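Residue-level structure breakdown
Each chain, letter by letter, is given below.
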Amino acid sequence: MRSDTAEKQYELICVIVDFGLGSKALSVAKKAGVTGGTIMLGRGTAQNKWLRLLELTDIRKEVVLMVCEESVGRSALDEIDRVVHFSRPKHGVAFTMPVGAFIGAGSYDYQFNVENRGEDGVYRAVFVVVDKGKGEIVMDAAREAGARGGTIVNARGSGIHETSTFLNMEIEPEKEIVLMLSPAEQTGGIVQAVRQELKIDQPGNGIIFVQDVSETYGIVS
């Protein structure tokens, strides 16, 4: 097993744009070196009295999540900005967050990197992105390793091993994102259990990334 990910710094890029622009933002990011991402549907709120009177205040949004090395993240955001124009009003927002551990297609040891990220937290958030229908398999494996529960979110993805083509159009497969909170000392075992059950090391089988959690509410010991 290789441990070179411990020397790399990863970050999560989150881009929120109007419905229909998520795929465009992701396509631009991939050209800048990001290997793939996941798109979720969201909802924004319009601050317009006429729209409120017509009960049309919900604006469909797309949330694009991408994990990449920090060296790639800045150039990817710059390229997305050229297309989306974040500086213009209501053209979307983007932000980045450090990722403590990342496992994708490759044999890497699980090592949570807390360097330059402050004090190590008591809990960690585990995100697993897999094909639709496999979220429950993720949860079954995680529970066997000690996880107490999780949340499954429907999404769609586009990665170098995932996108298929139909009539010269890219078809983005449906995905599920499984989010779990776990005590820091149990996270490694949970990640390894999910990794082995879903064969995450094989291309196109999904990704796992882990982030530190500062505070938690609603978790009963």
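Anyway, here's the lowdown on the structure attached to this text. (Residues numbered from 1 in each chain as written. Predicted model: local features only at pLDDT ≥ 70, side-chain atom pairs only at ≥ 80, totals over all residues. Heavy atoms only, no water.)

**Re the overall build of the protein chain**
What counts, and what does not: Under the scheme used here, helices are H or I runs from DSSP no shorter than 4 residues and strands are E runs no shorter than 2 residues, and both carry numbers assigned from the N terminus. Burial here depends on accessible area, computed with a 1.4 Å probe over protein chains only, as a share of the maximum for the residue type. Under 20% is buried, over 50% is exposed, and the range in between is partly exposed. Contact definition: two residues touch when any of their heavy atoms are within 4.5 Å. Per-residue and other accessible areas follow the Shrake-Rupley method at a 1.4 Å probe size, with only the shown protein chains counted as cover for residues.
Looking only at helices and strands, the protein chain features five helices and eleven strands. In the protein chain, which comprises 221 residues, the proportion classed as buried is 42%. Once local pairs closer than 6 in sequence are excluded, the contacts in the protein chain between residues at least 24 apart make up 77%. Carbon and sulfur atoms make up 50% of the accessible area of the protein chain, which amounts to about 12,500 Å² in all.

**Comments concerning unusual backbone geometry**
Residue His85 is not a glycine yet carries a positive backbone phi of 65°. With respect to the helices and strands, the residue His85 is situated in the loop between α3 (70–84) and β4 (93–99). Overall, the relative accessible area of 27% leaves His85 in the partly exposed class.

**A word on the side chain of Thr187**
Here is the rule: Pairs of N or O atoms within 3.5 Å make up the polar contacts considered here, provided that, within protein, one atom can donate a hydrogen while the other can accept it, and that residues adjacent in sequence are counted only when both atoms are side-chain atoms.
By secondary structure assignment, the location of Thr187 is in helix α5 (residues 184–198). There is a polar contact of 2.7 Å between the side chain of Thr187 and the side chain of Ser182.

**Quick word on α3**
Let me state the cut-off plainly: An expected span of 1.5 Å times one less than the residue number is assigned to each helix. Taking the helix axis as origin, the arc is that swept by the directions to the C-beta atoms.
If you check α3, its first and last C-alpha atoms are 21 Å apart, about what 15 residues at 1.5 Å a residue would give, namely 21 Å. Here α3 has its buried residues at Val72, Gly73, Ala76, Leu77, Ile80 and Val84. Looking straight down α3, one finds its buried side chains confined to an arc of 130°; they lie on one side. Projecting away from the buried face of α3 at angles above 90 degrees are the exposed residues Ser71, Arg74 and Arg82. Positive phi appears at His85, one or two residues downstream of α3, with a value of about 65°.

**With respect to the nonpolar core**
Cut-off, in case you're wondering: Take the buried residues of types Ala, Val, Leu, Ile, Met, Phe, Trp, Tyr and Cys, join any two whose side-chain atoms come within 4.5 Å, and each joined set is a nonpolar core.
In terms of nonpolar packing, the biggest core is built from 21 residues, with Val128, Val138, Met180, Val194, Ile208 and Val210 touching the most fellow members. If you list the elements that add at least two residues to this core, you get β5 (101–103), β6 (123–131), α4 (135–144), β10 (174–183), α5 and β11 (207–213). Membership of the second largest hydrophobic core comes to 18 residues, among which are Ile13, Val17, Leu26 and Met66.

**Notes on the environment of Asp81**
Tracing the sequence through the fold places Asp81 in helix α3. Asp81 sits 13 residues away from Ala94 along the chain, and the two C-alpha atoms are 9.0 Å apart. Not counting the four nearest positions on each side in its chain, Asp81 is found in contact with Phe86 and Ser87.

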